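Fold and contact review
Letter by letter, the chains look like this.
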Amino acid sequence: MEITSFSPIIVTKEPDATIELFEELGFKRKHHANISTGAVNIDMVSDNGFRVDVASAVLDQEQDMTIIRMNVRNFDEAYQILIDHGFINTRGDDTLDTGSAKAATMVSPTGFKIALNEHFRK
């Protein structure tokens, strides 16, 4: 299985304030995506290559969440590895088609989450 990127996503009701904080820490906006669920996702990168995504919360949540983003070349292969390790897809067996990627949020038996994505290659 090939992982193409691996970084944190901060899901928050206050994305502008979070983006401003990371900009002050030296991160720059690299990519902006509007997702079909209504979420906005900003990919940020520092000069030394560290990455963080800031996503707007679309669910009613009391606190920010941090999720691990894992982009892969083969979604089905990665999905099966996570299932074999007891992860559960938050959408049942469904996936999200964002228009540019196939995605699912996977929850481990102990509760940490991985946002699994395969970007469609042109």
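Residues numbered from 1 in each chain as written. Predicted model: local features only at pLDDT ≥ 70, side-chain atom pairs only at ≥ 80, totals over all residues. Heavy atoms only, no water.

Remarks on the overall build of the chain
Each helix and strand in the chain was counted, giving 2 helices and 9 strands. Walking the chain from its N terminus toward its C terminus, one meets helices and strands in the order β-α-β-β-β-β-α-β-β-β-β. Whereas a compact globule of 122 residues would reach a radius of gyration of roughly 14 Å, the chain reaches 14 Å, a difference of no more than 12%. Projected onto the principal axes, the alpha-carbon positions of the chain cover approximately 40 × 35 × 25 Å. Per-residue burial over the chain gives 38% buried out of 122 residues. (Helix = DSSP H or I, 4+ residues; strand = E, 2+ residues; numbered from the N terminus. Rg over C-alpha atoms; globule rule 2.2 N^0.38 Å. Buried < 20%, exposed > 50% of the residue type's maximum accessible area, 1.4 Å probe, protein only.)

Considerations on the pairing of strand β8 (residues 101-107)
Buried residues dominate β8, accounting for 5 of its 7 residues. Two strands pair when backbone bridges link them, and strand β6 (residues 88-89) and β8 are joined in this way by 2 bridges, in the antiparallel orientation. Along β8, the bridge assignment pairs Asn-89 with Met-106. Relative to β8, strand β7 (residues 96-97) is paired through 2 bridges, and the arrangement is antiparallel. Pairing of Asp-97 across the sheet is with Lys-102, part of β8. Between β7 and β8, which follow one another and run antiparallel, lie 3 residues, and Gly-99 among them has a positive phi close to 95 degrees. As consecutive antiparallel partners, β8 and strand β9 (residues 113-119) are separated by 5 residues, and within that stretch Gly-111 has a phi angle of approximately 110 degrees, a positive value. (Pairing = 2+ DSSP bridges.)

What about the pattern of salt bridges?
Applying the stated criterion to the full structure yields 7 salt bridges. For Arg-29, the salt bridge goes to Glu-23, with nearest N and O atoms at 2.8 Å. Overall, the relative accessible area of 36% leaves Glu-23 in the partly exposed class. With a closest N to O distance of 3.1 Å, Asp-76 and Lys-102 form a salt bridge. Remark: Lys-102 occurs in strand β8 and Asp-76 occurs in helix α2 (residues 75-84); sequence separation between them is 26 residues. (Salt bridge = Lys/Arg side-chain N within 4 Å of Asp/Glu carboxyl O.)

Some remarks on the nonpolar core
Grouped together as the largest cluster of nonpolar side chains are 11 residues: Met-70, Val-72, Phe-75, Ala-78, Tyr-79, Leu-82, Phe-87, Ala-104, Met-106, Ile-114 and Leu-116. For this core, the secondary structure elements donating two or more residues are β5 (65-72), α2, β8 and β9. The element that contributes the greatest number of residues to this core is α2, accounting for 4 residues. Residue contacts for Tyr-79: discarding those within four places in its chain leaves Asn-89, Gly-92, Asp-93, Met-106 and Leu-116. Phe-22, Ile-42, Met-44 and Val-54 belong to the second largest nonpolar core, which has 8 residues in total. (Core = buried A, V, L, I, M, F, W, Y, C linked by side-chain atoms within 4.5 Å. Contact = heavy atoms within 4.5 Å.)

As for α2
Within α2, burial applies to Phe-75, Ala-78, Tyr-79 and Leu-82. All buried residues of α2 project into a common sector of 100 degrees when viewed along the axis, lining one side. Pointing more than 90 degrees away from the buried face of α2 are the exposed residues Asp-76 and Asp-84. Buried residues belonging to α2 abut β5, β6, β8 and β9. At the N-terminal boundary of α2, the capping side chain belongs to Asn-74, with an oxygen 3.2 Å from the backbone nitrogen of Asp-76. (Arc of directions from axis to C-beta. Polar contact = N/O pair within 3.5 Å; in protein donor to acceptor, adjacent residues only side chain to side chain.)

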